[in-house]
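Descriptive structure summary
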Amino acid sequence: MADQGISSPYQPTLAEMVKIERLTKTEKLFTLHLEGGRDLGHRAGQFVEVSVFGIGEAPISVTSSPSRNGVFELCVRQAGDVTGALHRMEPGSTVGIRGPFGNGFPIEQMRGKDLLFAPGGLGLPPLRSLINQVLDERESFGRVIILYGAKDPSELLFKDELAKWEARDDVELHVTVDRADESWTGNVGVITTLFPKITVTPRNTVAVTVGPPVMYRFVLMELLGKGIQDGSIFLSLERRMKCGLGKCGHCQINNVYVCQKGPVFSYAQLKELPEAI
Amino acid sequence: MPFKVIDKKDMASLVTSIMEEREVVGPVAKDGKFIFAPIDDYSQLRLDHNITLLPPKEFFLPTEEPILKYKLGAAMHSEPVIEATPRVIMGMHPCDINANWLLDLAFSTDNLDTNYMEKRKKAIIVGLDCNEPCDEHSFCKSMGSLAVEGGYDLFLTDIGDAYMVEYGTPAGMELLARHKGAREATNGDMSRFRAVQDAKWPKFTYKLEMNISDLPNILAISYDNPLWEELGKKCLACGSCTLVCPTCYCFDVIDRLELNLKEGQRLRVWDSCQLPEFATVAGGENFRHARADRLRHRFFRKGKYLTEMFGKVGCVGCGRCVRACLVDIDPVEVYNTLKRTSTPRGWGEREVAVYQQRS
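Residues numbered from 1 in each chain as written. Chains lettered and ligands numbered in written order. Predicted model: local features only at pLDDT ≥ 70, side-chain atom pairs only at ≥ 80, totals over all residues.

In terms of regular secondary structure, chain A is built from 6 helices and 15 strands. For chain A, whose C-alpha radius of gyration is 19 Å, the value lies close to the compact-globule estimate of 19 Å for 277 residues. For chain A, the spread of C-alpha atoms along the three principal axes comes to 65 × 45 × 35 Å. Counting all 277 residues of chain A, 47% fall into the buried class. Residue pairs in contact within chain A that sit at least 24 positions apart in sequence constitute 69% of those at least 6 positions apart. (Helix = DSSP H or I, 4+ residues; strand = E, 2+ residues; numbered from the N terminus. Rg over C-alpha atoms; globule rule 2.2 N^0.38 Å. Buried ≥ 20, exposed ≤ 12 C-beta atoms within 10 Å, placed from the backbone. Contact = placed C-beta atoms within 7 Å.)

Now the structure itself:
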């Protein structure tokens, strides 16, 4: 039977959903508060394993900045059993949380540099955690350029925040959609069409891009085309994850467990991993 | 002397005595083959078996194991479930002892897995040497796993009408001290033991066309070898190889609710990187959808990645995958073909350049 004294890395901490906000047709933003009130203590770019007891566990990136304490936020797309169950919940519901897992973005390497962020679609939530942490310490960084692409205007995430970033004069924001609707007056085209609009000082720039697998090769070409170095380009790779502990094997890319050595990788590292992109 | 002897006529009473203290698992006959199973009676124990269908890994990593139980509703809570039965596992051959050592490292390095380790701590391993190959499919000598340097509590060698016993750990010594049956080794026993050892090694064939320590390097330059596509066409992605493999430990985690919908369990179950859904995510993307890629991944893991992660060769040459494979894929043939086709002239300039580019 259960041995009372022995801990298990599979045991979640309970968390309450204090707020639920619908962002789009398929995405909701959940604000969570851990039992006991402690901070999640995450780095931007890390993820948690969210448990819906009876259904399962799913890995979700933390979208709130570590510099905002007490609660943390998860932006979840309804895609499968666990995320479907999360979408059916009401505020006050309880879930289990394990983590945070993974390595997070190397923010230490970014201080003093110009930052070029290129989130595509659902790649914005993990990157938002880093962007807000950077904006909370704005003087430590050079230029902040954000190039954001979504499929169409209805799929744009965090519209209020985008407006706030647009309004700041120390952030350069460009947004595009693959397909416009009648009211859209902004850029139309895939995310790569935004790159010609900006110039960077390659040696002083760190780039971070997160998005669907198909996007990476094309954005990489743009970043390398601007002369940014392999070791200064970071990507966050998703894979199927279960244990979060580097044991169950599902998240492997060649010889690396993404839940341990990733999900954030530099392009220099990815050149050694043929299965990566 | 660090050696004791158990005469075969005394084994029955020794094992029966141990059975009063804890569960004894050993090779038993089943439908003309052998499997590891708990015994109810000494007569079921078949230390004369050649090799079991499945390795004894299920006693450390069960095919299905609860890891959490939870209650839903207003008083929602969960607690870990860690089951560990004290056992003696008898008759583990060198291949399986070495494989188990690798599993021990996998579950204790970087994030201790208490479900595995509690079972491991409560298991006493009594190994048994192989005096001759189990059959024509095993290639343990090639993989360096015919020798055991550790990973056992006691190690037996059949010297005719008795077993020579080597101590591995204090737990092994104490087991023999608690139960009558072992005696001091005589000089006659020792010379029979040496004769058995001398006769053993020539009976096993080294089948790899390279030094085992070169295998990771051969693989490093074989990523794009056309052999993978060929094998991918043959392979059925049935997962039999991973099922019977003593160093495979990938698992899935599933939730199972009780019918009352008020409580349930989270279970860990065996999984296989060879099955199509292994790398599939909820959105539909499959990060290793080609069969040839999944097959290549398995050989790289066994021949290179595991070795580099844990310092022990990832494949122990037990040959179970060869026996189980429905389309006769054999690691020895695969590795030898890679050696021949990736390095036609030995370490030529082209191969060195490709290897340097990758590292």
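The structure having been displayed, the exposition proceeds.
This next bit is on the overall build of chain B. From N to C terminus, chain B includes 13 helices and 12 strands. What you see for chain B is a C-alpha radius of gyration of 23 Å, in line with the 21 Å of a compact globule of 359 residues. Every one of the 359 residues in chain B was classed for burial, and the buried ones make up 41%. Contacts spanning at least 24 positions in sequence make up 72% of the contacts within chain B whose residues lie at least 6 apart.

Residues and elements named next belong to chain B. The mixed open sheet is built from 8 strands, whose spatial order is E3-E2-E6-E7-E8-E9-E1-E10. The outermost strands of the open sheet, each flanked by one partner alone, are strand E3 (33-38) and strand E10 (182-184). Neighbour-to-neighbour, the strand axes of this sheet turn through a mean angle of 30°, independent of strand direction. Contacts from helix H6 (residues 187-200) reach strand E1 (3-7), strand E8 (154-158) and strand E9 (162-167) within the one sheet, and its direction differs from that of E9 by about 85°. (Pairing = 2+ DSSP bridges. Axes fitted to C-alpha atoms, helices over the stretch in contact; angles between N-to-C directions.)

Residues Val50, Phe117 and Val208 of chain A are the most contacted members of the largest nonpolar core, which totals 81 residues. When residues no more than four places from it in sequence are discounted, the contact partners of Val208 of chain A are Phe105, Phe117, Leu127, Leu130 and Phe234 of chain A. If you look at the next biggest cluster of nonpolar residues, it comprises 67 residues, including Tyr116, Leu146, Tyr163 and Leu175 of chain B. (Core = buried A, V, L, I, M, F, W, Y, C linked by C-beta atoms within 7 Å.)

Our next topic: helix H3 (residues 114-121) of chain B. When we look at burial in H3 of chain B, the residues that qualify are Thr114, Asn115, Tyr116 and Lys119 of chain B. At its buried positions, H3 of chain B is contacted by strand E4 (64-71), helix H2 (94-108) and strand E7 (123-128) of chain B.

With that settled, consider the pairing of E7 of chain B. Residues and elements named next belong to chain B. Of all 6 residues in E7, 6 are buried; the element is thus mostly enclosed. Sheet topology note: the strand E6 (residues 87-92)/E7 ladder contains 5 bridges and is parallel. The residue of E7 that forms the bridge with Val88 is Ile124. Of the pairings in the sheet, the one linking E7 to E8 comprises 3 bridges and is parallel in character. Pairing of Gly127 across the sheet is with Phe155, part of E8.

Residues and elements named next belong to chain A. As assigned here, chain A comprises domain 1 (13-101) and domain 2 (107-236). Measuring from the centre of the C-alpha atoms in domain 1 to the corresponding centre in domain 2 gives 24 Å. Grouping the amino acids of the side of domain 1 that touches domain 2 by side-chain chemistry returns 5 nonpolar, 7 polar and 3 charged. (Domains from an automatic or database assignment. Nonpolar A, V, L, I, M, F, W, Y, C, P; charged D, E, K, R; others polar.)

Let us now look at the pairing of strand E1 (residues 13-22) of chain A. Residue and element names in this part refer to chain A. Pairing of E1 with strand E6 (residues 94-101), which is carried by 4 bridges, proceeds in the antiparallel orientation. By the bridge assignment for E6, Leu14 is matched with Gly96. Where E1 folds back on strand E2 (residues 27-34), the antiparallel hairpin that results is connected by 4 residues.

Attention now goes to the domain arrangement of chain B. All names here are of chain B. For chain B, the assigned domains are domain 1 (3-203) and domain 2 (212-358). Between the C-alpha centres of domain 1 and domain 2 the distance comes to 26 Å. The partner domain 2 presents 28 residues to the 34 residues of domain 1 that form the contact. Of all the secondary structure elements, the ones that give two or more residues to the side of domain 1 that touches domain 2 are E4, H2 and helix H4 (140-143). With 9 residues, H2 is the single largest residue contributor to the side of domain 1 that touches domain 2. For the side of domain 1 that touches domain 2, the class distribution of residues is 20 nonpolar, 8 polar and 6 charged.

Attention now goes to the environment of Phe265 of chain A. Residues and elements named next belong to chain A. Mapping Phe265 onto the fold places it in strand E15 (residues 264-266). Sequence separation between Phe265 and Tyr216 is 49 residues, and the spatial gap between their C-alpha atoms is 12 Å. Once residues lying within four places of it in the same chain are set aside, the contact partners of Phe265 are Leu235, Leu237 and Leu270.

What follows deals with the interface of chain A and chain B. Residue-level contacts link 36 residues of chain A with 39 residues of chain B. The set of elements that each furnish at least two residues to the side of chain A that touches chain B consists of strand E4 (56-61) and E6 of chain A. In terms of residue class, the side of chain A that touches chain B is built from 14 nonpolar, 14 polar and 8 charged.

Turning next to unusual backbone geometry. All names here are of chain A. Residue Pro100 follows Gly99 across a cis peptide bond; omega there is 10°. Within the fold, Pro100 resides in strand E6. The omega torsion of the bond from Gly262 to Pro263 falls at 5°, within 30 degrees of zero and hence cis. Tracing the backbone through its elements, the reader meets Pro263 in the loop between helix H5 (258-261) and E15. Although it is not a glycine, Asn254 adopts a positive phi angle of roughly 50°. Tracing the backbone shows Asn254 in the loop between strand E13 (252-253) and strand E14 (256-257).

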